[in-house]
Amino acid sequence: TVTMRNITVIRNGAIGDFTLTLPAIHSIHKAFTDINLQLIGQPNNIQLCQVNLQVSYDDPRLTPLHRTGPIPQETRDLFVDTERILVYAVDSERQLERQLTQLSIGPVLFCDPRPPADASVHIVDHLLSPLQTWNIPPARRSPHIELNPKDYRYAETLPSMPDVVIHPGSSSPDKCWPEQHFCALAAQLAKRGWATAIICGPIEIERGLVGDSLQPPNLRSLAGLLSCASLFIGNDSGPGHIAAAVGTPTLSLFGPTDPRIWAPRNTRAKVLLAPTKNIDEIPLEIVFEAALQLLESRHDER
């Protein structure tokens, strides 16, 4: 039997970071339809992209790549059919590059995943930029998550489907609008007849923000739930990017981070930016009015 070669993409990082890399992954997939795609990253994130070859970034077989010395056979076996490798990582000592070059039949390409100095370049375009080296055109410039029937199973177990899904968390406390504001917003929307639910992930559960919230068991269940909603409201965080990637309108609140770089990419994505970069200063009334406008325009479309 002839073994099919593969292209390996290494992308560690948080949920939003991975989601924003999906256009690059999709573009590679489209350019090399006769080659398998192998993804190395956080298992929770990789599931957002339906590819057969998935390896956890924490797999002990990858440890030798981060140190000098001979590469054991079990590590070589992971890359045995690899035709080329794209790595999103900071590799200042070029240690990873030296080891990977020994494993790939073809080129190894590195991209620093941190935002470029030019604040007018959206992070999606920055993450697409290394593909020019391989003459791969962008297949799309916004993240897209393809859903299948089982991704909706969690949403189907809920007693009722929310119109609005709110996520009060983020990777950093200074990116979080006050939790009491989100609770007040949910109450105000409910008074206007919009069924509203708050979702919590591992970070929020750890911080004790659970309360009466929904907790999807994995990211594909989260994506299925968000795709059924009329609006997602949250901070600059991963679930907002997932919501945009399934086509749901988003209202994102930004404080210290720059929406020109980090805003969800969706024609229905709206951002409210704190003028002083202090997210606490975004008034509740402004968020409520923006949410109502988005909900009413969505309702009119239907």
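In case you missed it, the structure is sitting above this.
Residues numbered from 1 in each chain as written. Predicted model: local features only at pLDDT ≥ 70, side-chain atom pairs only at ≥ 80, totals over all residues. Heavy atoms only, no water.

### Digging into the environment of Ala 31
As for its position among the elements, Ala 31 is in helix H1 (residues 15–31). For Ala 31, a relative accessible area of 41% translates into the label partly exposed. Along the primary structure Ala 31 and Ile 136 are separated by 105 residues, whereas in three dimensions their C-alpha atoms are 6.5 Å apart. (Helix = DSSP H or I, 4+ residues; strand = E, 2+ residues; numbered from the N terminus. Buried < 20%, exposed > 50% of the residue type's maximum accessible area, 1.4 Å probe, protein only.)

### Notes on unusual backbone geometry
A positive phi angle is found at Asn 135, which is not glycine, with a value near 55 degrees. Within the secondary structure layout, Asn 135 lies in the loop between helix H5 (123–128) and helix H6 (153–156). A positive phi angle, close to 75 degrees, is found at Lys 277, a residue other than glycine. Under the relative-accessibility criterion, Lys 277 is labelled partly exposed at 40%.

### What to know about the side chain of Asp 258
With respect to the secondary-structure elements, Asp 258 resides in the loop between strand S9 (250–254) and helix H11 (259–262). The buried category is assigned to Asp 258, whose relative accessible area is 17%. Within the local environment of Asp 258, its side chain forms a polar contact with the side chain of Arg 260, the two groups lying 2.9 Å apart. (Polar contact = N/O pair within 3.5 Å; in protein donor to acceptor, adjacent residues only side chain to side chain.)

### Focus: the packing of H1 against helix H10 (residues 238–245)
Packed helix pairs are specified by the crossing angle of their axes together with the interaxial distance, meaning the distance between the axes. Put simply, H1 and H10 touch, their axes get as near as 7 Å, and they point 30 degrees apart. Taken together, the axes of H1 and H10 lie roughly parallel to each other. The way H1 lies across H10 gives a crossing that is left-handed. Packed against H1, whose contacting residues are Ile 15, Gly 16, Thr 19 and Leu 20, the element H10 presents Gly 238, His 241, Ile 242 and Ala 245 at the interface. A breakdown of the residues in the contact of H1 with H10 according to their chemical character gives four nonpolar, four polar and no charged. (Axes fitted to C-alpha atoms, helices over the stretch in contact; angles between N-to-C directions. Parallel < 35°, antiparallel > 145°, perpendicular 65-115°, else oblique. Left-handed = near helix turned anticlockwise from the far one by under 90°. Contact = heavy atoms within 4.5 Å. Nonpolar A, V, L, I, M, F, W, Y, C, P; charged D, E, K, R; others polar.)

### With respect to the sheet that holds strand S10 (residues 269–273)
With respect to topology, five strands assemble into an open sheet ordered S7-S6-S8-S9-S10, the strand pairing being parallel. For this open sheet the edge positions go to strand S7 (196–198) and S10, each flanked by a neighbour on one side alone. In this sheet, adjacent strand axes meet at a mean angle of 15 degrees when their direction is disregarded. Relative to S7, strand S6 (residues 164–167) is paired through three bridges, and the arrangement is parallel. When the sheet's bridge partners are listed, Ile 166 is paired in S7 with Ile 198. (Pairing = 2+ DSSP bridges.)

### Regarding the packing of helix H9 (residues 219–228) against H10
Where H9 meets H10, the closest approach of the two axes is 9 Å, and the angle between their N-to-C directions is 60 degrees. With respect to each other, H9 and H10 are oriented oblique. Seen along the crossing, H9 lies across H10 with a hand that is right-handed. Two secondary-structure elements touch here, H9 through Leu 219, Leu 222, Ala 223 and Leu 226 and H10 through Pro 239, Ile 242 and Ala 243. The residue inventory of the contact of H9 with H10, partitioned by class, reads seven nonpolar, no polar and no charged.

### Concerning the environment of Asn 135
On the basis of relative accessible area, Asn 135 is assigned to the exposed category, the value being 68%. For the pair Asn 135 and Ala 31, spaced 104 residues apart in sequence, the C-alpha separation works out to 9.4 Å.

### Quick notes on the packing of aromatic side chains
Applying the stated criterion across every chain yields a total of one aromatic pair. Between Trp 177 and Phe 182 the ring centres are 4.9 Å apart and the planes differ by 85 degrees, which places this aromatic pair in the edge-to-face class. What makes Trp 177 buried here is its relative accessible area of 1%. For the cation-ring pair, Arg 84 lies above Trp 134, with the distance from its terminal atom to the ring centre recorded as 4.8 Å. (Phe/Tyr/Trp six-rings, centres within 6.5 Å; stacked < 30°, edge-to-face > 60°. Lys NZ or Arg CZ within 6 Å of the ring centre and 35° of its normal.)

### What about the sheet that holds strand S2 (residues 36–41)?
By way of backbone hydrogen bonds, the strands of a sheet pair with one another, either parallel or antiparallel. The sheet built from five strands is open, its strands ordered S3-S2-S1-S4-S5 with parallel pairing. In this open sheet, the two strands that pair with only one neighbour each are strand S3 (53–56) and strand S5 (108–111). For this sheet, the mean inter-axis angle between neighbouring strands, taken without regard to orientation, is 15 degrees. Pairing geometry for strand S1 (residues 6–11) and S2, over six bridges, is parallel. Across the sheet, the residue bridging to Arg 11 is Gly 41, located in S2.

### Side note on the pairing of S9
Counted residue by residue, S9 has five buried out of five residues, so it is predominantly covered. Along S9, one buried face is formed by Thr 250, Ser 252 and Phe 254 and the opposite face, lined by Leu 251 and Leu 253, is buried too. Where strand S8 (residues 231–235) and S9 come together, four bridges link them in parallel fashion. By the bridge assignment, Asn 235 is partnered in S9 with Leu 253. What joins S8 to S9 is H10, and the crossover it makes is right-handed. Inspection of the sheet shows S9 paired to S10 by five bridges, in the parallel sense. Directly across from Phe 254, in S10, lies its bridge partner Leu 273. (Right-handed = clockwise from strand over helix to strand, strands pointing away.)

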